[in-house]
Amino acid sequence: MIVLERMRPAHIPLVLEHEHALFGTESWSAGMYRDELADPWNRHYVVAFDDPDAFAGASADEGPVAAESPIAVAPPDAKTAHRRFVGWAGLMVIGDTAEILTIGTVPLAQRRGIATVLMDALLVEARRRRAREVLLEVRVDNEPAKAMYARYGFEQMGVRRGYYQPTNVDAATLRLAL
Ligand SMILES: CC(C)(COP(=O)(O)OP(=O)(O)OC[C@H]1O[C@@H](n2cnc3c(N)ncnc32)[C@H](O)[C@@H]1OP(=O)(O)O)[C@@H](O)C(=O)NCCC(=O)NCCS
């Protein structure tokens, strides 16, 4: 069972363990994540855990919330004994525009629907905050991510030449109307 929680500063070391493997030269630092988490008004970050015991012995009120739920947030004191960290994602919403700032699934957990759970949670949050559109940038050579966004109906708006440095790779800018 995949459960999501709001990302807290205590989760940053878990994220950083995988950040470089997933994002290479575009990796974020601990300080960048701390700055993001310091702005809960415009930001919404979630972390995903694979938790086989998610509902063992817990009532609906006190256990982690299933990822399928529109809320998709486990309480901070949820039992953590057997959980495995599997991914994270972050959203910014300003006015009626949301932007997906990051999304990643740890390598050993990829292709099992975890980013789909994370994306669904970000889109629920974007709608809850009354965003009318979601924007993002993706490396033009990132086929897995481009396939995922296409499945959600994102459409390409343009290309930012050399957006990713120092690799000098272009970014495709994508948009999804909500
Ligand atoms: C892109 C990424 C987040 C997908 O995570 P994931 O948990 O493996 O994704 P899911 O299992 O939910 O798959 C969702 C869809 O993405 C697409 N996809 C994911 N991995 C793919 C791959 N290796 N090849 C082709 N399509 C892929 C598919 O359309 C898939 O749907 P399907 O399995 O029904 O065909 C993951 O590959 C990753 O972390 N990459 C490195 C970080 C990154 O590039 N983030 C995005 C930056 S813009």
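The text that follows walks through the structure, step by step, so that each part is easy to find. (Residues numbered from 1 in each chain as written. Predicted model: local features only at pLDDT ≥ 70, side-chain atom pairs only at ≥ 80, totals over all residues. Heavy atoms only, no water.)

### Considerations on the side chain of Glu 26
Argument step 1. Along the chain, Glu 26 falls in the loop between α1 (12–23) and α2 (30–37).
Argument step 2. Within the structure, the side chain of Glu 26 is placed 2.9 Å from the side chain of Arg 139, a separation counted as a polar contact. (Helix = DSSP H or I, 4+ residues; strand = E, 2+ residues; numbered from the N terminus. Polar contact = N/O pair within 3.5 Å; in protein donor to acceptor, adjacent residues only side chain to side chain.)

### Points about the nonpolar core
In globular proteins that are soluble, nonpolar side chains generally tend to be buried together.
Argument step 1. Membership of the largest hydrophobic core comes to 47 residues, with the highest contact counts inside it found for Ile 100, Ile 103, Tyr 149 and Phe 154.
Argument step 2. Two domains each put at least three residues into this core: domain 1 (2–131) and domain 2 (132–178).
Argument step 3. Sequence-distant contacts of Ile 103, that is, excluding residues within four places in its chain, are made with Phe 23, Trp 88, Ala 89, Ala 115, Leu 118, Met 119, Met 148 and Tyr 149. (Core = buried A, V, L, I, M, F, W, Y, C linked by side-chain atoms within 4.5 Å. Buried < 20%, exposed > 50% of the residue type's maximum accessible area, 1.4 Å probe, protein only. Domains from an automatic or database assignment. Contact = heavy atoms within 4.5 Å.)

### Comments concerning the pairing of strand β1 (residues 2–6)
Argument step 1. When you tally the buried positions in β1, you get 4 out of 5 residues, the bulk of the element.
Argument step 2. As paired strands, β1 and strand β2 (residues 43–50) are joined by 5 bridges and run antiparallel to one another. When the sheet's bridge partners are listed, Val 3 is paired in β2 with Phe 49. (Pairing = 2+ DSSP bridges.)

### What to know about the site of the ligand
Argument step 1. Taken together, 21 residues form the shell around the ligand, and within it Thr 105, Arg 111, Gly 113, Thr 116 and Asn 142 come nearest.
Argument step 2. Contacts to the ligand include Gln 110, whose side-chain N or O atom sits 3.5 Å from an oxygen atom.
Argument step 3. The contact in question runs from an oxygen atom of the ligand to an N or O atom on the backbone of Gly 113, over 2.7 Å.
Argument step 4. When isolated, the ligand has an accessible area of 920 Å², and the protein chains bury 76% of it. (Near = heavy atom within 4 Å. Areas by Shrake-Rupley, 256 points an atom, 1.4 Å probe, with all protein chains shown as cover.)

### Digging into the packing of aromatic side chains
Argument step 1. A full pass over the atoms with the stated rule returns 7 aromatic pairs.
Argument step 2. A centroid spacing of 5.1 Å and a plane angle of 50° characterise the contact between Trp 28 and Tyr 33, whose relative ring orientation is tilted.
Argument step 3. Note on Tyr 149 and Phe 154: the rings are 5.6 Å apart at their centroids and 65° apart in plane angle, and the pair reads as edge-to-face. Across this residue pair, the class does not change: Tyr 149 and Phe 154 are buried.
Argument step 4. One aromatic cluster is present, formed by Phe 23, Phe 49, Phe 85 and Trp 88 through successive ring pairs.
Argument step 5. Over the aromatic face of Tyr 164 sits the side chain of Arg 139, whose NZ or CZ is 5.9 Å from the ring centroid. (Phe/Tyr/Trp six-rings, centres within 6.5 Å; stacked < 30°, edge-to-face > 60°. Lys NZ or Arg CZ within 6 Å of the ring centre and 35° of its normal.)

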